[in-house]
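Examination of the molecular architecture
Spelled out, the chains give:
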Amino acid sequence: MSEAEVPDLEPLRAWFASYCGSFRSPDPEQQRNFDLKEKHTRNVCLAARRIAQGESPRFCMLAEVAAVCHDLGRFPQFRDFHTFKDSDSLNHAHLSAQVVKEHALLDFLTRQERETVEIAVRLHNVFEVPAGLPPETGKLLRLLRDADKLDIWRVFIEYFQAPEEERASAAGLGFPDIPECAPEVLDAVRSGKLVHLSSLRSLNDFKLLQVSWIYDINFVSTLSFIRERGVLEQFAAILPDDDAVLDALARVREYLDRRLDDSTRNP
């Protein structure tokens, strides 16, 4: 298949809508969690297409395919375990890759493209991108991780803005909503490091973990979206207003500004 012959993704989009429909529940609380993941996937598709602008048409197509597939495992995960916390259930990325294979979703791609998408889906939730991946695979994985983060931030901020009875129960991963922030979490953010999930003790720690993801952004366009959407400002509004937190947020803002300034000087 030539570069010009980009497959129509409408059948895959229609399959995804049908797949989501197959998990419909009469329980409103359960359905809120399924709806959360359906909307998240659709938004990650939009973000992936935006980040991929300027890339080849086939790469843009692969970006959307990976986005459609990346969280398919979330649906059976919540149905069977009533949680989105992988450590209390199954690795949702591995489960997503399994769903992709079971339904032969990538048969319309070349063998190399199938492998590229499958790896991106299976590894999109790893702590760090592993070394040694083929260049195209690494690029697609990094784009998917960026697009995923952009919408997870929206999901989490909306979670706190919604009345408690309207929140998707699994979005907070079961962490207690207490005022403290773990010192090791604050230290990691101040030091320019990603926060490990294993170090979290509260929802505030979970917020800081998500703030630390800014250190792991790969595409300059994603950094621009972070600034345009006021992601840091929105997290500041839902975090404790104390000196340690404000200092950590200031360090992340400095990093964001520096990356964007560097991209302007060295496009």
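Values in this document were obtained by computation on a predicted structure and should not be read as measured data. (Residues numbered from 1 in each chain as written. Predicted model: local features only at pLDDT ≥ 70, side-chain atom pairs only at ≥ 80, totals over all residues. Heavy atoms only, no water.)

A closer look at the environment of Tyr19
Along the chain, Tyr19 turns up in helix α1 (residues 10–21). For Tyr19, a relative accessible area of 8% translates into the label buried. Along the sequence, Tyr19 and Leu95 sit 76 residues apart, while their C-alpha atoms lie 15 Å from each other. What Tyr19 contacts, discounting residues up to four positions off in sequence, is Leu72, Phe75, Pro76 and Val99. (Helix = DSSP H or I, 4+ residues; strand = E, 2+ residues; numbered from the N terminus. Buried < 20%, exposed > 50% of the residue type's maximum accessible area, 1.4 Å probe, protein only. Contact = heavy atoms within 4.5 Å.)

Description of the domain arrangement of the protein chain
By the assigned domains, the protein chain splits into domain 1 (9–150) and domain 2 (175–265). Facing 13 residues of domain 1, the contacting portion of domain 2 comprises 15 residues. Here domain 1 and domain 2 share an interface that buries about 1,400 Å² over both sides, 64% of which is from carbon and sulfur atoms. Three residues, Phe127, Lys149 and Leu150, lead the burial of domain 1 against domain 2; their summed loss comes to 43% of the area buried on that side. Scanning the region where domain 1 abuts domain 2 turns up 2 salt bridges. Asp216 is the partner of Lys149 in a salt bridge, and the nearest nitrogen-oxygen pair spans 3.3 Å. At the boundary of domain 1 with domain 2, the tally comes to 6 residue pairs in polar contact (both at pLDDT 80 or more). Among the secondary structure elements, those contributing two or more residues to the side of domain 1 that touches domain 2 are α2 (28–51) and α7 (135–161). Element by element, the count of residues in the side of domain 1 that touches domain 2 is highest for α7, at 7 residues. (Domains from an automatic or database assignment. Buried area = accessible area lost by both parts, 1.4 Å probe. Salt bridge = Lys/Arg side-chain N within 4 Å of Asp/Glu carboxyl O. Polar contact = N/O pair within 3.5 Å; in protein donor to acceptor, adjacent residues only side chain to side chain.)

Notes on the state of the cysteines
Counted under the stated rule, the structure contains 0 disulfides. Just so you know, Cys45 is unpaired, no disulfide at all, and the nearest cysteine sulfur is the one on Cys69, 8.7 Å from it. (Disulfide = S-S within 2.5 Å.)

Digging into unusual backbone geometry
Comment: phi is negative for the bulk of residues other than glycine, and the bulk of peptide bonds are trans. You will see that His82, though not glycine, has its phi angle at about 60 degrees, which is positive. Here His82 lies in the loop between α4 (74–81) and α5 (92–102). Backbone geometry at Ala104 places phi at a positive 50 degrees, although glycine is not the residue there. Within the secondary structure, Ala104 sits in the loop between α5 and α6 (111–123). We classify Ala104 as partly exposed; its relative accessible area is 38%.

Side note on the packing of aromatic side chains
When we look at a pair of aromatic rings, we describe it by the centre distance and by the angle of the planes. Under the counting rule described, the total for this entry stands at 15 aromatic pairs. Ring geometry for Tyr19 against Phe75: centres 5.6 Å apart, planes inclined by 75 degrees, an arrangement best described as edge-to-face. With Tyr19 in helix α1 and Phe75 in helix α4, this residue pair connects regions lying 56 residues apart in the sequence. Residue Tyr19 shares its accessibility class with Phe75, and that shared class is buried. Between Trp153 and Trp213, the aromatic rings sit 6.4 Å apart at their centres with planes inclined by 45 degrees, giving tilted as the arrangement. Linking Trp153 in helix α7 with Trp213 in the loop between α9 (203–212) and α10 (220–228), this pair joins segments that are 60 residues apart in sequence. (Phe/Tyr/Trp six-rings, centres within 6.5 Å; stacked < 30°, edge-to-face > 60°.)

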